[in-house]
Amino acid sequence: MVAKQYNYGTGRRKSSTARVYLAPGSGKIEVNGRGLDQYFGRETARMIVRQPLALVKAEERFDVKVNVDGGGPSGQAGAIRHGITRALMEFDPGLRPELRKAGFVTRDAREVERKKVGLHKARKRPQYSKR
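*Asks:* It is not clear to me how the packing of aromatic side chains should be interpreted in this structure. Could you clarify?
*Replies:* The relative placement of two aromatic rings is captured by the distance of their centres and the angle of their planes. One pass over the structure, following the stated rule, counts four aromatic pairs. With a centroid separation of 5.2 Å and 75 degrees between ring planes, the pair formed by Tyr6 and Tyr21 is classed as edge-to-face. Linking Tyr6 in the segment before β1 (7-13) with Tyr21 in strand β2 (residues 16-24), this pair joins segments that are 15 residues apart in sequence. When its relative accessible area of 25% is taken as the criterion, Tyr21 is described as partly exposed. Linked through ring pairs, Tyr6, Tyr8 and Tyr21 together constitute an aromatic cluster.

Laid out in structure tokens, this is it:
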């Protein structure tokens, strides 16, 4: 049997799911077959994706390949960050306390609240009318 040459992590945020494969390499990040800079237009999203690697000073040590699905750019960036964090912990469990302290290990459980019957949005009520 061939030994696997990568570490895997599943990241989730809002309605996005990211499957992250971390392999030893030169620091290339590929999202859905495109480069990170082509996939995310906003600098903020790119920064969020790079955070865990920057924290453990491993930007140039790994090639990251990501399949991400669902949600919008912000949720996808958060999902990728969560996935990279999990893959790094699989690679070296000793990194966990450092990543935990930075808050990358916890999945952000906030989801969109559903719209209720009789309301305009989840909590926006129709205007009160005295008569």
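*Asks:* What's the story with unusual backbone geometry in this structure? I'm lost.
*Replies:* Most peptide bonds adopt trans geometry, and most residues besides glycine take a negative phi value. One non-glycine residue, Asn32, lies in positive phi territory at about 50 degrees. Residue position: Asn32 is located in the loop between β3 (29-31) and β4 (34-35).

About the cut-offs
- Residues numbered from 1 in each chain as written.
- Predicted model: local features only at pLDDT ≥ 70, side-chain atom pairs only at ≥ 80, totals over all residues.
- Heavy atoms only, no water.
- Phe/Tyr/Trp six-rings, centres within 6.5 Å; stacked < 30°, edge-to-face > 60°.
- Helix = DSSP H or I, 4+ residues; strand = E, 2+ residues; numbered from the N terminus.
- Buried < 20%, exposed > 50% of the residue type's maximum accessible area, 1.4 Å probe, protein only.

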